[in-house]
Amino acid sequence: MANIIPIGSIPTKEQMQRVIRASHKRSRQYGVNQETRNLEQKRLSPAELEKKQDENKELLGAIAATINEFYDLMSPEEFLVGFADSEGYILHLAGGDRARETSADRQFSLGYRWTEKDVGTTATSLCLRLKVSIQLKGRDHYCKQAQGLLSSAAPIFGHQGVLLGSLCIFGDKSLIHPHTLIMITSSARSIERHMRLMRWNTELISNAGFLDNVIEAAGTGLLIIDTDLIVQKINYQAKKILNVDDLKGKSISSLSGLQLDLDSIFENPSVWKNRECHIQHNKKDIHLVYSAQPVLSKNDKPLGAVLNITKFSNIRKLIDKISGIKPYFTFDSLIGSSPAFTKAVDLAKRASHSEATVLLLGETGTGKELFAQAIHNGAKGADKPFVPINCGAIPGELLESELFGYAEGAFTGAKRGGRSGKFILANDGTMLLDEIGDMPHDMQVKLLRVLQSKVVQPVGARKPLQTNARIIASTHVDLAEAMLHNRFRRDLYYRLNILQIKIPPLRERGEVDIKALAHYFLRKNNPEFQFTADAIAGLVAYHWPGNVRELENTIQRALHVCKDQTITVKDLGLSKQDLSKKAGFQGTLLDMEKKVIAETLRETKSNMAEAARRLGISRATLYRKVKQFS
Ligand SMILES: Nc1ncnc2c1ncn2[C@@H]1O[C@H](COP(=O)(O)OP(=O)(O)OP(=O)(O)O)[C@@H](O)[C@H]1O
């Protein structure tokens, strides 16, 4: 029957009569004594009461504030206002002393439970049961103690309509106004509104905090600007990149060099992705890559834009990481101890301590790029970019834009926003001009200008850019001869030839280096395998026109064809012609093997274990060979 009264409403007179009758009936069934009420009435211990009050702190605060407003309207002496939670426990009580005395008698005190089972029909117990506003007068109350009262109670609902409890007011029936029910119901609604606002406020604060945290955690520089280009938010990364304390409240146009067109950002956002720019700030040039993304309201009204900025050098590092150009060779990883090789390494070490231009000369595959990497890694800008470019492999017409970059619209097919050239990518680091001997003549002139002025002119750009990349040039070409035939400019040669390092070909580095490199490549490719003595002899005897690269390839190939994890001279597949070219060597391969074993034993003072290790063969094989040759 009670279900027909809508939750939260004030029942009509007829409805009230029905619900009161039903409640009296239930009170009798529960065994509530009309004279004494239920002597077993539940009550919270002081600790339990404190805990519940603490859990409902915000609600009780809102109730207390609302009750204070009552005091201005009514005589506080005469009535008592209380709040019972959804389980019926009284958690808050306020009112005059006289009313308090009366209530103490009636056990309307903090911690007591006021459900029908405890106290029979009361405004509080009925309100909690039916979730509607209730007003009872005199004999509407089930127990005699309450029959001199007028009591009113209204339910309070929380988030998603959950019942939080009941706000009730009572006093002597002759003193309390019958319209109190309306007042207490509207107070309950105002408490609900207050709670709702507090909830929204908390959500708002936590959302704002969350948004701030997201912006800070973005891992890149972020700026949020409004439609007037005023910076509304800027994260720590962005401040660091732009070298500013704060920009909030300032116009983004205060960053000279960053040109934003909001209309264009809204119309064509894809054009505003990954653009490059140079910002001049505090007399510094900050090279950036940025993207601008429009921010629109739900109904597509422009609100502003989010700018994502990254230091250009970080992009560079990422490219290195992805493209694998990370220079990993150091002086320690250069294998070889022959005098010719050691001399080149010593010179290179000296070069790494200076900023002078280096010219690396050597046949193909001798390790010129390795030397360049080792020089870079030994220099103070080792953490800066290492940018190699093969001047012989890029067509002449592309080489200029590769080296110097180009501006937007410089030519058909030019990327939007232009592109940085290698000289700018290598800023603060090292630029390796590989195969410089094969560089087209007109480019040699342009390169010479850059080396002299330290300034590059991107194709189609109005402004030149400074570059301070350290230059290492390398070539297998005989530059003296190239100059003689006017294939290489003499002035450029002198500019490059500040520190010249000649890397010796493998055949001039002697058997110590060949053996060391051979074992190094074997270990690197498959440490389980070994060479036979004749294989070592073959490697030492070979002419090596392709130098170290050829040696490495030969060993890799042999690993695929050999059997029983042992590489023989046959597996190496060395050409007979190049074998016989080896200077100073005459006789058969067997003779050569004999010679290598004898030399190794001499070097190791007949230490068989050491000699076997150096030769890359087992001790048993070495003993067998020594026996065979003696
Ligand atoms: N001293 C060394 N220690 C270890 N590996 C080496 C050494 N020298 C050369 N190599 C190996 O030889 C190969 C050729 O080296 P690199 O590319 O530096 O030669 P290059 O002289 O620049 O050749 P090119 O003139 O053809 O460009 C590389 O694969 C490298 O691993």
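Residues numbered from 1 in each chain as written. Predicted model: local features only at pLDDT ≥ 70, side-chain atom pairs only at ≥ 80, totals over all residues.

- You'll find the protein entered in an unreviewed UniProt entry as Related to sigma54-dependent transcriptional regulator, with Desulfotalea psychrophila given as the organism.

### A few points about the overall build of the protein
(1) Moving on: The helix and strand tally for the protein stands at 25 helices and 21 strands.
(2) Moving on: The 630 residues of the protein split such that 36% are buried.
(3) Moving on: Taking as baseline every contact in the protein between residues at least 6 positions apart, the subset at least 24 positions apart corresponds to 64%. (Helix = DSSP H or I, 4+ residues; strand = E, 2+ residues; numbered from the N terminus. Buried ≥ 20, exposed ≤ 12 C-beta atoms within 10 Å, placed from the backbone. Contact = placed C-beta atoms within 7 Å.)

### Some thoughts on the nonpolar core
(1) Moving on: Core analysis: the biggest nonpolar cluster contains 44 residues, and Ile90, Ala123, Cys127, Ala153, Leu167 and Phe170 have the highest contact counts within it.
(2) Moving on: The residues contacting Ala153, other than those within four sequence positions of it, are Ala123, Thr124, Cys127, Ser133, Ile134, Ser166, Leu167, Cys168 and Ile184.
(3) Moving on: In terms of nonpolar packing, the next biggest core, distinct from the first, is built from 42 residues, Leu360, Ile389, Cys391 and Phe404 among them. (Core = buried A, V, L, I, M, F, W, Y, C linked by C-beta atoms within 7 Å.)

### Things to note about the site of the ligand
(1) Moving on: Ile335, Gly367, Lys368, Glu369 and Val548 are the nearest of the 15 residues found near the ligand.
(2) Moving on: Within the residue set of the shell around the ligand, elements represented by two or more residues are helix 12 (368-378) and helix 20 (547-561).
(3) Moving on: Classifying every residue of the shell around the ligand gives 4 nonpolar, 7 polar and 4 charged.
(4) Moving on: When residues of the shell around the ligand are assigned to domains, at least three map to each of domain 3 (325-502) and domain 4 (509-629). (Near = placed C-beta within 6 Å. Nonpolar A, V, L, I, M, F, W, Y, C, P; charged D, E, K, R; others polar. Domains from an automatic or database assignment.)

### Structural notes on the environment of Leu451
(1) Moving on: Mapped onto the elements of the fold, Leu451 is located in helix 15 (residues 441-453).
(2) Moving on: Sequence spacing of Leu451 and Arg495 is 44 residues, and the spatial spacing of their C-alpha atoms is 7.4 Å.
(3) Moving on: Once residues lying within four places of it in the same chain are set aside, the contact partners of Leu451 are Ile471 and Arg495.

### Focus: the sheet that holds strand 19 (residues 499-502)
(1) Moving on: Taken in spatial order, the 5 strands of this open sheet run 12-15-18-11-19, and their pairing is parallel. Two strands close off the open sheet at either side, each with one partner strand: strand 12 (386-390) and strand 19. This sheet shows a mean twist of 20 degrees between the axes of neighbouring strands, independent of strand direction.
(2) Moving on: The pairing of strand 11 (residues 358-361) with strand 19 spans 4 bridges and is classified as parallel. (Pairing = 2+ DSSP bridges. Axes fitted to C-alpha atoms, helices over the stretch in contact; angles between N-to-C directions.)

### So, the packing of helix 18 (residues 510-525) against helix 19 (residues 533-541)
(1) Moving on: At a closest axis distance of 9 Å, the pairing of helix 18 and helix 19 adopts a crossing angle of 125 degrees. Regarding the angle of helix 18 to helix 19, the classification is oblique. Helix 18 and helix 19 meet at a crossing whose hand is right-handed. Across the interface between the two elements, Glu511, Ile514, Lys515 and Ala518 from helix 18 touch Ile536, Leu539 and Val540 from helix 19. (Parallel < 35°, antiparallel > 145°, perpendicular 65-115°, else oblique. Left-handed = near helix turned anticlockwise from the far one by under 90°.)

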